[in-house]
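Results of the structural survey
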There are 2 protein chains.
Amino acid sequence: MGSVIGVVGGGQLARMMIPPAVALGVELRVLAEIDGASAALAATAVGDYRDAATVLGFAADVDVVTFDHEHVPQDVLAHLVGAGIPVRPRPEALEVAQDKLVMRRRLAALGIPVPVWAEVRDRDGLAAFLDANGGAAVVKTPKGGYDGKGVRIVRSADAADDWLATGAVLAEELVEFRRELAQLVARRPSGDVAAWPLAETVQRDGVCAEVTAPAPGAGKLSDEARDLAEAIASGLDVTGVLAVELFETTEGRLLVNELAMRPHNSGHWTIEGAVTSQFEQHLRAVLDLPLGDTSSHSPVSVMVNVLGGPAGATMPDRYPDALAAHPDVKFHSYGKTSRPGRKVGHVTATGTNLDEVRARARAAAAFFDA
Amino acid sequence: MGSVIGVVGGGQLARMMIPPAVALGVELRVLAEIDGASAALAATAVGDYRDAATVLGFAADVDVVTFDHEHVPQDVLAHLVGAGIPVRPRPEALEVAQDKLVMRRRLAALGIPVPVWAEVRDRDGLAAFLDANGGAAVVKTPKGGYDGKGVRIVRSADAADDWLATGAVLAEELVEFRRELAQLVARRPSGDVAAWPLAETVQRDGVCAEVTAPAPGAGKLSDEARDLAEAIASGLDVTGVLAVELFETTEGRLLVNELAMRPHNSGHWTIEGAVTSQFEQHLRAVLDLPLGDTSSHSPVSVMVNVLGGPAGATMPDRYPDALAAHPDVKFHSYGKTSRPGRKVGHVTATGTNLDEVRARARAAAAFFDA
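Residues numbered from 1 in each chain as written. Chains lettered and ligands numbered in written order. Predicted model: local features only at pLDDT ≥ 70, side-chain atom pairs only at ≥ 80, totals over all residues.

1. A few points about the overall build of chain A
In plain terms, the rule: Counting from the N terminus, the helices are the DSSP runs of H or I reaching at least four residues and the strands are the DSSP runs of E reaching at least two. For a compact globule the rule gives 2.2 Å times the number of residues to the power 0.38, and the radius of gyration it is set against comes from C-alpha atoms. Counting other C-beta atoms within 10 Å of its own, a residue is labelled buried from 20 upward, exposed at 12 or fewer, and partly exposed in the gap between, with every C-beta atom placed from the backbone. Here contacts are defined at the residue level, using C-beta atoms placed from the backbone and a cut-off of 7 Å between them.
Tallying secondary structure elements over chain A gives 13 helices and 17 strands in all. Radius of gyration (C-alpha) of chain A: 20 Å, near the 21 Å computed for a compact globule of 370 residues. Among the 370 residues that make up chain A, the fraction classed as buried is 52%. The long-range fraction of contacts in chain A, counting pairs at least 24 apart against all pairs at least 6 apart in sequence, stands at 63%.

Structure below.
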């Protein structure tokens, strides 16, 4: 196939595909939501990804379409497929990442361990689920949630009435976990799968805050996580990068929490920390090129998100102090204006001693606090 | 200062500045020579860099101007300075890289070891130089030479008549050397200098073919080279990346051969091999930001140029085989069409065993032979 990749969505994930596209000499074209999007440098169109004509027009001359996010409606994807344009991941796979109820059904059918869950259609259904699960549940809207949005912990049957008014929701047990983990893999259409080392993730207010790779002391969980992610990638016929977010329960079991079928925040450390970054690998995978080595460069990598960003300033405004203090930390700014809670950039530190590397990454990120 | 960098010239050096600009969130604007230049993605203007109005128009809204090559005429640079636009490196420094006679004079004045040389104005002058230097000389046109062009080995006084008809030339002794080395440093306007490990370079037909870093068995020469390059950077008030090409003579001395005041082929290995690449460092330096760590990631890095490229094809056309054979090699394609001798890309391998890494890099590059 050719080597022109169309990316629907102009956020930081599309932006971070630009460097490896430049290096490999493959052409990246982005359909951005707005002028001045994070990936504006590669934008060849600006428009609404929910509009089939817009997406079809954008994709007319590309060799493959892939995504910055999972929100492109299935009917738009069907138009692309109908026009003979390769879509990766395929719409049937992407649906599993778009709809949490579909995800739970498909993972259960594959025998993948997941939290206790139920599709809940009304207050009575939620009451029954709460009764059966210790009086607490995590309720999620099937579609459109991200970064903590569309997720709610409930302890009474009427606490999801607003969401239930518009349709069924996913109810899950409140998992008691030691920590959260993320297993990133990539799969190409011909079937090859490559897995990066398992990562430990820390969320704050439902948003990824910090990632450590490899996950400290993971032991045999690393193999289990890799096997799970590879089974999911193959079982769902995923192409491109797949991120599997996991709970490590207090009993030491792995349960799949969420899936993302695109480069993922839990894999930003791979830019500096791995021989092949998740962004380069995604390009390779969607072009059905051989996958790159996923080994770590360093014994430990720690990525810390810059959330919110400096008030009334940009990340580069703070570079004179930040770069002077941390010549060995790598700084990433997404070209976004600061806004409370917004992911505006990240930093990655690598090294040999976990505590030292983590402290360094946190200190570097702190230069961009409001 | 702000963070908009204007780069005059749209070749692969400007192209390779794009990834770190995207990562750091600084804006890169390129004045390209042609549509479809290697750095076209960042091109905001297309025009002649020898035309002052073109360059001034391009540079009107940037915070600093820097370069993909050294060919911008001094009168054009003077217009930029006159308009109050910071130019880095400064025209006075850049002139030393533009004119080999000026370079020899300035380096001699700084006490830097260079080959025996003379400014030669006519056939008698060349005859005298040949008599004094064993009957052989390297003759160079003061300006415009690169990649072996404008350089000639002569053994008779009439062998440079064509060049002498247009002006003085530089004559140099034919240095007997063990090998060629390159010392890369970066300097910011405030004076800080950072040096990468010394590299060994191999030229074929006057063109860089292969680079190994650190230079094997360099021992104390590494310190000498670093001291020399830092003295040159400071002595000439260079800002940005400075590449110092060196001979290691058969007696084990270092002599400065050439200077380049921009990212340089001898530093492409730093993209994967060093904590901070020469391209990121150049952006930092010209913005007067703190310089990054120049340590090596790996015990050894080997870069091999792809010269010419596959006949009637592009580098990406060969990726299915090349990437499959070398999942751990990093491939760079400059988006150029193949042409005999043209630099169309490079590959870099890293590892611990010099022979193994070198063999791997050469084998990977060979996939793109005509």
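2. Remarks on the packing of helix H4 (residues 74-82) of chain A against helix H5 (residues 91-98) of chain A
All names here are of chain A. Worth spelling out the cut-off: Each axis is a line fitted through C-alpha atoms, taken for helices only over the stretch in contact, and angles between the N-to-C directions span 0 to 180 degrees. Any angle from 65 to 115 degrees is called roughly perpendicular, while one under 35 is roughly parallel, one over 145 is roughly antiparallel, and all others are oblique. In a left-handed crossing the near helix is turned counterclockwise from the far helix by less than a right angle, and in a right-handed crossing that turn is clockwise. In this classification, Asp, Glu, Lys and Arg are treated as charged, Ala, Val, Leu, Ile, Met, Phe, Trp, Tyr, Cys and Pro as nonpolar, and every other residue, Gly included, as polar.
The contact between H4 and H5 brings their axes to 11 Å, and the two run at 165 degrees. As far as their axial angle goes, H5 and H4 are roughly antiparallel. The hand of the H4/H5 crossing is right-handed. On H5, the residues touching Gln74, Leu77, Ala78 and Val81 of H4 are Pro91, Leu94 and Glu95. Class assignment for the residues of the contact of H4 with H5 results in 5 nonpolar, 1 polar and 1 charged.

3. Some remarks on the interface of chain B and chain A
Of the residues lining the interface, 32 residues belong to chain B; the matching set on chain A comes to 32 residues. With 6 residues, the single largest contributor to the side of chain B that touches chain A is helix H1 (residues 12-24) of chain B. In the side of chain B that touches chain A, the residues fall into 20 nonpolar, 8 polar and 4 charged.

4. A few points about the domain arrangement of chain A
Residue and element names in this part refer to chain A. Definition in use: Residue ranges labeled as domains rest on an automatic or database domain assignment.
You can read the domains of chain A as domain 1 (4-87), domain 2 (116-172) and domain 3 (177-366). Distance between the C-alpha centres of domain 1 and domain 3: 23 Å. In this assembly, 17 residues from domain 1 lie in contact with 16 residues from domain 3. Looking at the side of domain 1 that touches domain 3, the elements that each hand over two or more residues are helix H1 (12-15), helix H2 (18-24) and strand E4 (64-67).

5. Topic: the sheet that holds strand E2 (residues 27-32) of chain A
Residues and elements named next belong to chain A. Note the cut-off: Here a strand pair is declared whenever DSSP counts at least two bridges between the two strands.
Taken together, the 4 strands give an open sheet; going across it, the order is E3-E2-E1-E4, and neighbouring strands pair in parallel fashion. Two strands close off the open sheet at either side, each with one partner strand: strand E3 (43-46) and E4. In this sheet, neighbouring strand axes are inclined to one another by 25 degrees on average, regardless of whether the strands run parallel or antiparallel. Here strand E1 (residues 4-8) pairs with E4 via 4 bridges, running parallel. Counted as the bridge partner of isoleucine 5 is valine 64 from E4. Along the sheet, helix H3 (residues 52-59) contacts E1, E2, E3 and E4; its crossing angle with E1, the most-contacted strand, is approximately 160 degrees.

6. Regarding the pairing of strand E17 (residues 343-351) of chain A
Residues and elements named next belong to chain A. Of all 9 residues that make up E17, 8 are buried, and the element is covered over most of its length. Pairing of strand E15 (residues 300-307) with E17 involves 8 bridges; the strand directions are antiparallel. Residue pairing for E17: asparagine 305 is matched across the bridge by histidine 346. As paired strands, strand E16 (residues 330-333) and E17 are joined by 4 bridges and run antiparallel to one another. Within the sheet, the bridge partner assigned to serine 333 lies in E17 and is glycine 345.

7. Description of the packing of helix H2 (residues 52-59) of chain B against helix H3 (residues 74-82) of chain B
Residue and element names in this part refer to chain B. Remark: H2 packs on H3, axes separated minimally by 9 Å, with the N-to-C direction vectors making an angle of 35 degrees. As for the relative orientation of H2 and H3, their crossing is right-handed in sense. Contacts between H2 and H3 pair Ala52, Val55, Leu56 and Ala59 from the former with Asp75, Val76, His79 and Leu80 from the latter. Tallied by class, residues from the contact of H2 with H3 come to 6 nonpolar, 1 polar and 1 charged.

8. A word on the sheet that holds strand E7 (residues 151-154) of chain B
All names here are of chain B. Read from one edge to the other, the open sheet built from 4 strands follows the order E5-E8-E6-E7, with strand pairing classed as antiparallel. Bordering the open sheet on either side are strand E5 (117-120) and E7, each of which pairs with just one other strand. Direction aside, the axes of adjacent strands within the sheet are offset by 25 degrees on average. Both strand E6 (residues 137-140) and E7 contribute to a ladder of 4 bridges, which runs antiparallel. By the bridge assignment, valine 138 is partnered in E7 with isoleucine 153. Packing of helix H5 (residues 100-109) onto the sheet brings it into contact with E5, E6 and strand E8 (169-172), and relative to E8 it is tilted by some 50 degrees. Most of the contacts of helix H6 (residues 123-132) go to E5, to which it runs at about 165 degrees, and overall it touches E5, E6 and E8.

9. Here's the deal with H3 of chain A
It helps to recall that an α-helix has 3.6 residues per turn; residues three or four apart then point in one direction. Residues and elements named next belong to chain A. Selection criterion: It is the directions from the helix axis to the C-beta atoms that the arc portrays.
Along H3, the positions that sit buried rather than exposed are Val55, Phe58 and Ala59. An end-on view of H3 places all buried positions within 90 degrees of arc, on one side of the element. Those residues of H3 hidden inside the fold are in contact with E1, E2, E3, E4 and H4.

10. Regarding the environment of glutamate 356 of chain A
Residue and element names in this part refer to chain A. Relative to the elements of secondary structure, glutamate 356 occurs in helix H13 (residues 354-366). Overall, glutamate 356 belongs to the partly exposed group, with 13 C-beta atoms counted inside 10 Å. Along the backbone, glutamate 356 and threonine 270 are 86 residues apart, and their C-alpha atoms lie at a distance of 19 Å.

11. A short note on the relation of the copies chain B and chain A
The test is simple: The least-squares superposition of copies is restricted to C-alpha atoms, and to residues with a pLDDT of at least 70 in both copies.
The transformation that overlays chain B on chain A combines an axial shift of 0.0 Å with a rotation of 180 degrees, and the residual RMSD is 0.0 Å. In short, the pair behaves as if placed about a two-fold rotation axis. Relative to the rotation axis, the closest C-alpha in chain B is found at proline 19 of chain B, a distance of 2.2 Å. Of the residues that chain B buries at the interface, 100% are likewise interface residues in chain A, meaning the two copies contact each other through the same surface.

12. Observations concerning unusual backbone geometry
Residue and element names in this part refer to chain A. The peptide bond linking arginine 88 to proline 89 adopts the cis configuration, its omega dihedral lying at 5 degrees. Assignment of secondary structure puts proline 89 in the loop between H4 and H5. For aspartate 237, which is not glycine, the phi torsion reads 55 degrees and is therefore positive. Along the chain, the position of aspartate 237 falls in the loop between helix H9 (221-235) and strand E13 (240-249). For aspartate 237, a count of 14 C-beta atoms within 10 Å puts it in the partly exposed group. The phi angle at aspartate 288 is positive, at roughly 55 degrees, despite the residue not being glycine. Within the element layout of this structure, aspartate 288 appears in the loop between helix H11 (278-286) and E15. With 17 C-beta atoms packed within 10 Å, aspartate 288 lands in the partly exposed category.

13. Observations regarding the nonpolar core
Going by this rule: Each nonpolar core comprises buried Ala, Val, Leu, Ile, Met, Phe, Trp, Tyr and Cys residues, the members being joined through C-beta atoms within 7 Å.
Residues Leu242 of chain A together with Leu242 of chain B are the most contacted members of the largest nonpolar core, which totals 212 residues. Of the residues forming this core, the biggest block, 9 residues, is contributed by H1 of chain B. Ignoring sequence-local partners within four residues, the contact set of leucine 242 of chain B consists of Val185, Arg187, Ala229, Ile232, Ala233, Leu259 and Met261 of chain B.

14. Things to note about H3 of chain B
All names here are of chain B. Among the residues of H3, those classed as buried are Val76, Leu77 and Leu80. Projection of H3 onto a plane perpendicular to its axis shows the buried side chains occupying an angular sector of 100 degrees, all on one side. Facing away from the buried surface of H3 by more than 90 degrees, the exposed residues are Asp75 and Gly82. Residues of H3 that are buried in the fold lie against H2, strand E4 (64-67) and helix H4 (91-98). In the stretch just after H3, glycine 84 is the one whose phi turns positive, near 80 degrees.

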